[in-house]
Amino acid sequence: AKIQGRDNYQFFQTAMNEAAVARFQLSNRLRNALDNRQLILYYQPQFATTSGRLTGVEALIRWQDPEFGLIPPNQFLPFAEENGFIHQINDWVIREACTQAQKWVSAGLFEDSRISVNISGQNINFKRLGETIFEVLKDTGLNPYHLEIELTERVMMEKPDEVCHTLSLLKQAGVSIAIDDFGTGYSALSHLQLFPLNTLKIDKSFIDNLQTTANGHALLQSIIGIAKSFNLRVVAEGVETDDQRLALDGMACDELQGYLLGRPMPRELFEQRLLTDYNQ
Ligand code: C2E
Ligand code: CA
Ligand code: CA
Ligand code: CA
């Protein structure tokens, strides 16, 4: 038993070291990815429910690795959030998104549209984040009206006072504030009152429930009603089928986003669509 105990211990030690080495390698790889422009943004369009016009686009990060190909965010963001590298990623995403959006605005292709950027991580310095956003807006010349930032309640609730202060400054300047994945995890209606918001993004699970649960309609309608009572713009996420779209048509949901209307796509393809379908 003694020997086995030692073996287990050695095994554990080795496994720990391997995990540490793996984390270290991933850290370096991710840092390199940012430096070598292997982190890229995909763009997913959002449309007005009634007119069908393009209203905005959500920027969604991807890791284009020369060896492993296109890596989705859920495979590296949790790690980046854990080790703090997410802060550099947040900054990069803001700058990249605003730079591209200003190009589209200048080309007359994005005049009434907005680009949405996801911000996540623990221990975010919101004061600094706000300053970064203002600096990027100034550097790129993008009118704040064209920018929206998306935060989950979890991110907002870590430092509610600091978040409120920064979001108020941004909102006053014209930047839109969206609450993301609404209705999941940490949701509370009081959050709608607590934070300065413009937009509520209804989580995909509620759209899925339209078909799968008896009271899915009623639940979705109630959420939209509450959002409207707070004067929020409502976006439905993850719309995949015609039935879902039809159901949403009868509700006061302002905008739709999902595979049915358009998948996240590389910049080149999105720009091609801006020149054609999206600006007719
Ligand atoms: P999210 O912010 O809720 O983004 C929506 C996710 O749903 C995206 O996944 C999008 O591709 C996917 N989606 C959109 N429409 C549909 C649909 O009709 N059906 C299905 N099944 N999925 C749909 P993605 O791009 O893999 O991103 C996953 C999450 O990673 C995002 O969830 C967000 O939390 C995070 N993320 C993505 N990009 C960034 C970023 O640039 N910065 C930060 N901090 N987080 C990001
Ligand atoms: Ca989002
Ligand atoms: Ca979401
Ligand atoms: Ca999400």
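This structure is a prediction, so every number in the text was calculated from the model and none was measured. (Residues numbered from 1 in each chain as written. Chains lettered and ligands numbered in written order. Predicted model: local features only at pLDDT ≥ 70, side-chain atom pairs only at ≥ 80, totals over all residues. Heavy atoms only, no water.)

1. Looking at the coordination of the calcium ion (ligand 3)
Geometry sets the ideal angles at a metal, namely 109.5 degrees for four tetrahedral donors and 90 or 180 degrees for six octahedral donors.
Link 1 in the chain: Taken together, Asp180 (OD), Asp181 (OD), Glu237 (OE) and Glu237 (OE) make up the full set of protein donors to the calcium ion (ligand 3), lying 2.2 to 2.4 Å away.
Link 2 in the chain: For the calcium ion (ligand 3), the donor residues sit on a single chain with the sequence spacing D-D-x55-E.
Link 3 in the chain: The distance between the calcium ion (ligand 3) and the calcium ion (ligand 2) is 3.8 Å, with Asp180 acting as a donor to both metals. Here Asp180, found in strand β6 (residues 176-182), pairs with Glu237, found in the loop between β8 (233-236) and α10 (242-249); they are 57 residues apart in sequence, far enough to count as distant. Of the two residues, Asp180 and Glu237, neither departs from the other in class, the shared state being buried. (Donors = N, O, S within 2.8 Å, 3.2 Å for Na, K, Ca; no water. Helix = DSSP H or I, 4+ residues; strand = E, 2+ residues; numbered from the N terminus. Buried < 20%, exposed > 50% of the residue type's maximum accessible area, 1.4 Å probe, protein only.)

2. Description of the coordination of the calcium ion (ligand 2)
Link 1 in the chain: Note on the calcium ion (ligand 2): its protein donors are Glu58 (OE), Asn118 (OD1), Glu150 (OE) and Asp180 (OD). The metal-donor distances range over 2.1 to 2.3 Å.
Link 2 in the chain: Binding-site remark: the calcium ion (ligand 2) is held by donors from one chain whose sequence spacing is E-x59-N-x31-E-x29-D.

3. Quick notes on the site of ligand 1
Link 1 in the chain: Ligand 1 sits among 22 residues. The nearest are Ile61, Arg62, Ser120, Glu240 and Tyr259.
Link 2 in the chain: Between a nitrogen atom of ligand 1 and a side-chain N or O atom of Gln44, the distance comes to 3.0 Å.
Link 3 in the chain: Within the contact set of ligand 1, an oxygen atom lies 2.7 Å away from a backbone nitrogen or oxygen of Tyr259.
Link 4 in the chain: The fraction of the free accessible surface of ligand 1 (800 Å²) that becomes covered by protein chains is 79%.
Link 5 in the chain: Assessed atom by atom at 2 Å from the grid points, ligand 1 resides in the largest pocket.
Link 6 in the chain: For the shell around ligand 1, the elements supplying multiple residues, two or more each, are β2 (54-65), α3 (86-106) and β6.
Link 7 in the chain: At 4 residues, the largest contribution of residues to the shell around ligand 1 is made by β2. (Near = heavy atom within 4 Å. Polar contact = N/O pair within 3.5 Å; in protein donor to acceptor, adjacent residues only side chain to side chain. Areas by Shrake-Rupley, 256 points an atom, 1.4 Å probe, with all protein chains shown as cover. 1 Å grid on protein atoms, 1.4 Å probe; cavity = no way out; pocket = protein on both sides within 12 Å on 5 of 7 lines; lining within 4 Å. Sits in = over half its atoms within 2 Å of the grid points.)

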